[in-house]
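Architecture at a glance
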Amino acid sequence: MGRTAYGRRAGHNGGVSEATLPPLPSAERPDVAARLREALLAASFTADGLLELLGAPAYAALARSETVPALRATRGDTPLETLVRLFLLQQPVPHARVEDVLPVHACVESGWLTRAGGADGDVAATVDVRPYGGSDGEDWFIVSDLGCAVGGAGGIGNRDEGVVLGVGGASTTLAGITVRTPVASALDLGTGSGIQALHAAQHATRVTATDLNPRALHITALTLALSGVPAADLREGSLFEPVRDDETFDLIVSNPPFVISPGARLTYRDGGMGGDDLCRSLVQQAGERLNVGGFAQFLANWQHEEGEDWQDRIRSWVPRGCDAWIVQREVQDVTQYAELWLRDAGDHRGDPQEYQARYDAWLDEFEARKVKAVGFGWITLRRTASAEPVITVEEWPHPVEQPLGDTVRAHFDRVDYLREHDDASLLAGHFKLAPEVMQEQVGLPGAEDPEHVVLRQNRGMRRATKVDTVGAGFAGVCDGSLSAGRILDAIAQLVGEDPVLLRDRTPAQIRLLVEQGFLEPA
Ligand SMILES: C[S@@+](CC[C@H](N)C(=O)[O-])C[C@H]1O[C@@H](n2cnc3c(N)ncnc32)[C@H](O)[C@@H]1O
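Residues numbered from 1 in each chain as written. Predicted model: local features only at pLDDT ≥ 70, side-chain atom pairs only at ≥ 80, totals over all residues. Heavy atoms only, no water.

In terms of nonpolar packing, the biggest core is built from 77 residues, with Phe298, Ile379 and Leu381 touching the most fellow members. With 7 residues, strand 10 (residues 290-305) is the single largest residue contributor to this core. Excluding residues that lie within four positions of it along the chain, isoleucine 379 makes contacts with Val283, Ala296, Gln297, Phe298, Ala300, Trp302, Ile314, Trp317, Trp325 and Ile326. If you look at the next biggest cluster of nonpolar residues, it comprises 40 residues, including Leu24, Leu40, Ala70 and Val164. (Core = buried A, V, L, I, M, F, W, Y, C linked by side-chain atoms within 4.5 Å. Buried < 20%, exposed > 50% of the residue type's maximum accessible area, 1.4 Å probe, protein only. Helix = DSSP H or I, 4+ residues; strand = E, 2+ residues; numbered from the N terminus. Contact = heavy atoms within 4.5 Å.)

Written out as structure tokens, the structure reads:
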């Protein structure tokens, strides 16, 4: 157990090195955080305010770590321009200008700002503060280390082992797929700058946030305070170490340091365990931390090893007593993978020989482990009371409609339905076609009959599935009024097929259409 009181002193240092990192603002001054929040909101330092000030291209460029367009758009001296320069672009700003916008003295005293010298007595920010719009339009702020708000092609601004990053694409992906049912308790494991904890605070009565890196916990405390959200229970330690043996949760989320790398270098991304062991441990240990009906949701990387089916590998991670839905979103060969993460750290901009040596080390590591590619995807567990848990592993690299939390929950509802219904009761069931399902006919131009028919759903996972003409006809008729069996009998009569045979062979197709969400039990 490693409970720690955060914000005891600015620049609190723990097991993870923060040799070159500046001291952090005090997390023990909620009064200053509240005043700062008020001032930021008064100046429209919000996601919408920024978009309006910068315009879409400069706003988008910032997300690519390109600051020149935003610097050009903030040459005036309005309060909002001052704040953007201070907190987003991390420019020193004359004291007198800041004084009109912020409680400078309190901010300097509590460590949010520092005196940067200069003829005008400039002040500078000590952390990056970035507006972040919540899913219900809340005005939140994400605090992170300077220069580390976004990753991207430019690489992170600081390569200290303990650097704490802001929100990236992975963070928002996990936030989007998380099931947002109101719950009593949620655990955000590896909280970083606190984005998952921030979301969880909206629908969980108690939020526990853990991290190996004490600096991340300190920053999470700042993010929550500045966002006007209740404080979380912050605990330091690796994986489930900070959780008591008898403690269970209704929701566990983790965007872990999933990168498979030749050595632990950056705490925010390198798990420090060999290969994909960190992700495996996380998934395996989550089962007994969940209440029945509770969800655990992870982003993860997994190895594709020679002579092994990746689906078998990932299936073997699922703990007993859990249903699971695992979606592989992307696969990269080992060279693409090494390059991605070398660039993420900005290594491609450094010494070419060092870059080459690091690249080589990465490939050595993969060769030794017989890894030919790496999969990236989502793992959702749901603790079940059923004696027959269902594990679904699939590949779906296509665009989806975020947020997907409701889609994830509906997937598990359908798992329950299908588990409880054998073929006979499926035929007695009533179904409705899901919203926005279209039929596509695929075949050669001019051909009389299509080669095959595809049903495509425009919502949620945006799935497409091949069906035969009976399947397509069946789906088209499903409006909940007739039982599946009655519909099949009518189709049999129409196409001149034996209704008994049709009732015999169609449940597998109905099962698939229900499993994939094209048909909903009415
Ligand atoms: C990729 S970041 C995710 C941050 C944040 N939750 C998000 O979604 O943006 C991973 C976080 O896990 C933390 N971490 C690294 N190793 C860990 C471990 N063994 N146990 C718990 N947390 C760890 C890192 O310090 C970092 O804050």
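Another aspect to go through is the sheet that holds strand 14 (residues 430-433). Pairing in this open sheet of 3 strands is antiparallel, and the strands run 18-14-19 from one edge to the other. The sheet is open, and its two edges are formed by strand 18 (479-483) and strand 19 (519-521), each paired on a single side. Within this sheet the neighbouring strands show an average axis-to-axis angle of 35°, counted without direction. In the sheet, strand 14 pairs with strand 18 via 2 bridges, with the strands oriented antiparallel. Along strand 18, the bridge assignment pairs histidine 430 with serine 483. The strands touched by helix 18 (residues 484-495) are strand 14 and strand 18; relative to strand 18, the strand with the most contacts, the crossing angle is about 75°. (Pairing = 2+ DSSP bridges. Axes fitted to C-alpha atoms, helices over the stretch in contact; angles between N-to-C directions.)

The subject of this paragraph is the side chain of aspartate 323. Take aspartate 323: it is sitting in strand 11 (residues 322-333). Among the polar contacts made by the side chain of aspartate 323, one reaches the main-chain amide nitrogen of valine 390 at a distance of 2.7 Å. A polar atom in the side chain of aspartate 323 sits 2.8 Å from the side chain of arginine 419. Beyond its immediate chain neighbours, meaning those up to four positions away, aspartate 323 contacts Thr380, Leu381, Arg382, Thr384, Pro389, Val390, Phe412, Val415 and Arg419. (Polar contact = N/O pair within 3.5 Å; in protein donor to acceptor, adjacent residues only side chain to side chain.)

A separate point is the environment of alanine 200. Following the sequence through the fold, alanine 200 ends up in helix 9 (residues 195-200). When the C-alpha positions of alanine 200 and isoleucine 252 are compared, they lie 9.7 Å apart, and in sequence the two are 52 residues distant. If sequence neighbours within four positions are ignored, alanine 200 has contacts with Arg180, Ala186 and Val207.

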